[in-house]
Amino acid sequence: MKQITLIRHAKVDIDNSKTIDSSLLQKWIEAYDNAPIHTESVPSEETVRLVQGADVVLTSTLKRAIDSASVLGVEVHEQNKLFNEASIPEVKIPFFKLKPKSWLVILRLMLLFGLGKKDASLKVSKAQAKDAVQRLLELSKKYDHVAVVGHGGMNWLIGKVLIKEGWSMEGKSSHKNWGTTTFKL
């Protein structure tokens, strides 16, 4: 039986307490992409066993995924931008301030519920997820268990494509930090 496991990275050590307007969100995302993982963010023993039991492990090219793989104690076969986080739309909403992660949640929900269907970021992210699945399918021909240390939004999109490809999700999906979602064929 073939297995693909998607793991979300560790918690990132970045300040999310200050409210910002939408014009500062892209700068915050850049800082988030380069920030270290939180030293107190540790995976469960079950997650460590699951990932260490994989035949091959991949990560995105973002620091938080690479550092998370290191904490998991695995050798990374490939770092690939196909597994980077799904993009979010750039918006200009003056005079409205939220915490950065609140902005991200709202913008992703808008996209996922169709309020931004014409936005290029959703199309790009869906195409990226399809390409990522093609890479996973290539590897699953050679390896029985492929694991990816990636990101919540992209892992969710990849999971949707895997299901369309005939894979079944085992148990529940988890998109929290260190959360795992497993698919079998």
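Everything that follows concerns the structure shown earlier in this document.
It should be emphasised that the depicted structure is a prediction, and the values quoted were computed from it without experimental measurement.

Enquirer: Any chance you could explain a positive patch on the surface here in plain terms?
Expert: Together, Lys126, Lys130, Lys160 and Lys164 make up a region of like positive charge exposed at the surface. Accessibility expressed as a relative area gives 74% for Lys164, which makes it exposed.

Enquirer: Can you walk me through the environment of Lys99 in this structure?
Expert: When you line up the elements, Lys99 lands in the loop between strand E5 (97–98) and helix H4 (100–112). For Lys99, a relative accessible area of 39% translates into the label partly exposed. Along the chain, Lys99 and Val12 lie 87 residues apart, while their C-alpha atoms are 15 Å from each other. Look past the residues within four positions of Lys99 in its chain and what remains in contact with it is Asn16, Ser17, Lys18 and Thr19.

Enquirer: Even after reading the chapter, I still don't get the sheet that holds strand E1 (residues 3–8), so can you show me in this structure?
Expert: Strands in a sheet are paired, the pairing made by backbone hydrogen bonds, and the direction either parallel or antiparallel. Taken together, six strands build an open sheet; the order of strands is E4-E3-E6-E1-E8-E7 and the sheet is mixed. Since the sheet does not close on itself, it has two edges, and those belong to strand E4 (78–79) and strand E7 (168–170), each with one partner. Inspection of the sheet shows E1 paired to strand E8 (residues 180–184) by five bridges, in the antiparallel sense. Its bridge partner being in E8, Gln3 is matched across the sheet by Lys184. Running at roughly 135 degrees to E1, helix H2 (residues 45–52) makes contact with E1, strand E3 (56–59), strand E6 (145–150) and E8 of the sheet.

About the criteria used
- Residues numbered from 1 in each chain as written.
- Predicted model: local features only at pLDDT ≥ 70, side-chain atom pairs only at ≥ 80, totals over all residues.
- Heavy atoms only, no water.
- Patch = residues over 30% accessible without salt bridge, like charges linked within 9 Å, V, L, I, M, F, W, Y side chains within 5 Å.
- Areas by Shrake-Rupley, 256 points an atom, 1.4 Å probe, with all protein chains shown as cover.
- Salt bridge = Lys/Arg side-chain N within 4 Å of Asp/Glu carboxyl O.
- Lys, Arg positive; Asp, Glu negative; His and termini not counted.
- Charge placed at Lys NZ, Arg CZ, Asp CG, Glu CD.
- Buried < 20%, exposed > 50% of the residue type's maximum accessible area, 1.4 Å probe, protein only.
- Helix = DSSP H or I, 4+ residues; strand = E, 2+ residues; numbered from the N terminus.
- Contact = heavy atoms within 4.5 Å.
- Pairing = 2+ DSSP bridges.
- Axes fitted to C-alpha atoms, helices over the stretch in contact; angles between N-to-C directions.

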